[in-house]
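Coordinates in review
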Amino acid sequence: MGKSDDGSDSMAVQLVDESHWDDLVIIIAVVSSKQKETSSTSGMRDTVETSPLLQYRAQTVVPGRILKMEEAIKNRDFESFARLTCADSNQFHAVCLDTSPPIFYMNDTSHRIISLVEKWNHSEGTPQVAYTFDAGPNAVLIARNRKTAALLLQRLLYCFPPQENNLDSYMVGDKSILSSAGVQSLADIEALPPPPEMKTPTQKFKGDVSYFICSRPGAGPKVLTEERHTLIDSATGLAKGV
């Protein structure tokens, strides 16, 4: 975290490399690409100035949660990882609401995705998927393995079918996850059964998700030893050429 007021000793260090937990599959639901009403920078400034919950979070919650998250990642403990991830995302947005004036980064579609995941996790008795939202409405969903990711995608496509008649552009990145989910066409999406944890068939929200991205954990930042390979001027801290 660091102690200097200028933040110069606050540094991120990679805990493990990307091969440590390569079972994980990430599906991002891009809910909206519109410009945010409140920018991340101004929103954080207002939150620091007005939210008592932020002070409690920073001083009491985060230090212990960081240690638990490090252990969960080191041990590849998905249950702990998922519970911590969801709880921290929810508290971050609670802090946004605790800001004056309140900040609303998530929207109805974001809330529906949370509900979908929570119902599934509850029905299984142990987390299958973790969700997290940054300062925006897009959902980052982390599945414990590819089989679970395929089941997640079936649920997402059932609830949020594409608006346009173009399945190819509705999935970006690793498109092979569609085959794993048994989806080859729009007709396959229409034939998907409602998730078993839903007591009654839920309403479908066609077009509420712009598209999905399927990815995997990637490499962290690399320390470069040769100045010629960097994009930042080490003397000025600015992008080269500026």
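Since this is a predicted model, take the numbers as computed values, not measurements.

Moving on, we get to the overall build of the protein chain. When helices and strands are counted, the protein chain shows seven helices and five strands. Reading the helices (α) and strands (β) of the protein chain from amino to carboxyl end gives β-α-α-α-α-β-β-α-β-α-α-β. In terms of principal-axis extent, the alpha carbons of the protein chain reach across some 60 × 45 × 40 Å. Burial status across the protein chain gives 35% buried among its 242 residues. Within the protein chain, contacts between residues at least 6 apart in sequence are counted, and of these 72% link residues at least 24 apart. If you sum the accessible surface of the protein chain, you get close to 14400 Å²; carbon and sulfur atoms cover 53% of it. Averaging the locations of the 24 positively and 30 negatively charged side chains of the protein chain gives two centres separated by 5 Å.

A few words on helix H3 (residues 78-98). The end-to-end C-alpha distance of H3 is 30 Å, a good match for the 30 Å that 21 residues give at a rise of 1.5 Å each. Each element contacted by the buried residues of H3 is listed here: helix H1 (40-50), helix H2 (52-74), strand S2 (129-132) and strand S3 (139-143).

Time to look at the pattern of salt bridges. All chains considered together, the criterion is met by nine salt bridges. Of the charged contacts, one joins aspartate 46 and arginine 45 as a salt bridge, the two residues approaching to 3.9 Å between their closest N and O atoms. The class of aspartate 46 is partly exposed, set by a relative accessible area of 22%. When salt bridges that share partners are traced, they join Arg57, Arg65 and Asp88 into one network.

Turning our eyes to something else, we now look at the domain arrangement of the protein chain. Here the protein chain is partitioned into domain 1 (16-33 + 105-241) and domain 2 (37-104). Relative to domain 2, the C-alpha centre of domain 1 lies at a distance of 20 Å. The interface is formed by 22 residues belonging to domain 1 together with 23 residues belonging to domain 2. A buried area of about 1800 Å², summed over both sides, lies between domain 1 and domain 2, and 68% of it is on carbon and sulfur atoms.

Here is what the cut-offs are and how they apply
- Residues numbered from 1 in each chain as written.
- Predicted model: local features only at pLDDT ≥ 70, side-chain atom pairs only at ≥ 80, totals over all residues.
- Heavy atoms only, no water.
- Helix = DSSP H or I, 4+ residues; strand = E, 2+ residues; numbered from the N terminus.
- Buried < 20%, exposed > 50% of the residue type's maximum accessible area, 1.4 Å probe, protein only.
- Contact = heavy atoms within 4.5 Å.
- Areas by Shrake-Rupley, 256 points an atom, 1.4 Å probe, with all protein chains shown as cover.
- Lys, Arg positive; Asp, Glu negative; His and termini not counted.
- Charge placed at Lys NZ, Arg CZ, Asp CG, Glu CD.
- Expected span 1.5 Å × (residues − 1).
- Salt bridge = Lys/Arg side-chain N within 4 Å of Asp/Glu carboxyl O.
- Domains from an automatic or database assignment.
- Buried area = accessible area lost by both parts, 1.4 Å probe.

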